[in-house]
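So the chains spell out like this:
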Amino acid sequence: MAEPALLILGGTTLAVALARAAAGLGIPVIYSLAGRTRPKSVPDVAVRMGGFGGAAALADYLRQKNILAVVDATHAYAAQISENARLACHAARRPLLRLQEAPWRQMPGDHWQQVANMTAARDTAAKTTARVFVSTGRQAMTEFADDRRCWWLARVIAPGADLPALSNGQYVFARGPFELADELALLREHRISAVISKNAGSTATYAKIAAARELSLPVIMIARPDAVAAPMVETVANAHAWLKDRLG
Ligand code: NAP
């Protein structure tokens, strides 16, 4: 039987911070990444990369690796892995905690329009505006590639063969955290008239929302997927305390 360990499903700043904190609990920590992009930073614990092969395979992994508890610290919009984690923990009878950033809240001066999904965001932009900044991740780019109704400025972390060419727009490549002054300069330079965003909740990517407020630009905000049915915390400290409890 493998040595008992904790599993943290990662890919977020909070996940890295939790893995670093959990390394002090005296039990091995396995940090898991989907492996689509090269991570900016990885914690100094065992790191595994790539999908598990679905919920049933994840349940097998939990048993084989003698995982005592799982923290799903993936991004709020990574709905598939969160659902897989819920199913796998149920099947393998492992405790599961969801660690997720609290969503950003509208402030005076914000002009947000809430939409249900990426397609609705694109179509709302096309009806109302002309030059749109989109920073919703590379997988969403197929939605914008052939759409000529707006000019799209799409920010993704890095170039790659998976990125479709934009027939009316351009890519910028950058990795957060982003500063307000830089976001203001980017939006001004490209004469952006609206921003499409997910409600990530992270301070690292909030500057574009503050910049839109300062420039009185609308933000088309894509709703978060429904949260999985699992206990949820919003801070590393609370997740760490939960893990400590599980270890008795
Ligand atoms: P997703 O749609 O929920 O997951 C798709 C598949 O990728 C999962 O079924 C799983 O494959 C694999 N996977 C995802 N996260 C994994 C992890 N941490 N460890 C091992 N396998 C994982 O996820 P996504 O939206 O593509 O996001 C991929 C990763 O990027 C996530 O870990 C997330 O934290 C991070 N991220 C996502 C966003 C976003 O906007 N969605 C933003 C920033 C960071 P199998 O079914 O084969 O196990």
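Residues numbered from 1 in each chain as written. Predicted model: local features only at pLDDT ≥ 70, side-chain atom pairs only at ≥ 80, totals over all residues. Heavy atoms only, no water.

Comments concerning the site of the ligand
In the vicinity of the ligand there are 23 residues, among which Ser32, Arg36, Phe52, Gly53 and Lys198 approach most closely. At a separation of 2.9 Å, an oxygen atom of the ligand approaches a polar backbone atom of glycine 10. Within the side chain of asparagine 84, an N or O atom sits 3.3 Å from an oxygen atom of the ligand. Here the ligand, which alone exposes 810 Å², has 77% of that area covered by the protein. Counting only elements with at least two residues in the shell around the ligand, the list comes to strand S2 (29-33) and helix H3 (79-92). The leading source of residues in the shell around the ligand is H3, at four residues. Its residues assigned to classes, the shell around the ligand shows seven nonpolar, 13 polar and three charged. (Near = heavy atom within 4 Å. Polar contact = N/O pair within 3.5 Å; in protein donor to acceptor, adjacent residues only side chain to side chain. Areas by Shrake-Rupley, 256 points an atom, 1.4 Å probe, with all protein chains shown as cover. Helix = DSSP H or I, 4+ residues; strand = E, 2+ residues; numbered from the N terminus. Nonpolar A, V, L, I, M, F, W, Y, C, P; charged D, E, K, R; others polar.)

Structural notes on the domain arrangement of the protein
Split by domain assignment, the protein resolves into domain 1 (5-102 + 226-246) and domain 2 (112-222). Averaged C-alpha coordinates put domain 1 and domain 2 at centres separated by 29 Å. Counting the surface lost from both domain 1 and domain 2, the interface buries some 860 Å², and carbon and sulfur atoms represent 52% of this. When the buried surface of domain 1 facing domain 2 is broken down by residue, Lys40, Tyr77 and Glu101 rank first, second and third, together holding 54% of it. Put simply, domain 1 and domain 2 have zero salt bridges between them. If you look at where domain 1 meets domain 2, you find two residue pairs in polar contact (both at pLDDT 80 or more). (Domains from an automatic or database assignment. Buried area = accessible area lost by both parts, 1.4 Å probe. Salt bridge = Lys/Arg side-chain N within 4 Å of Asp/Glu carboxyl O.)

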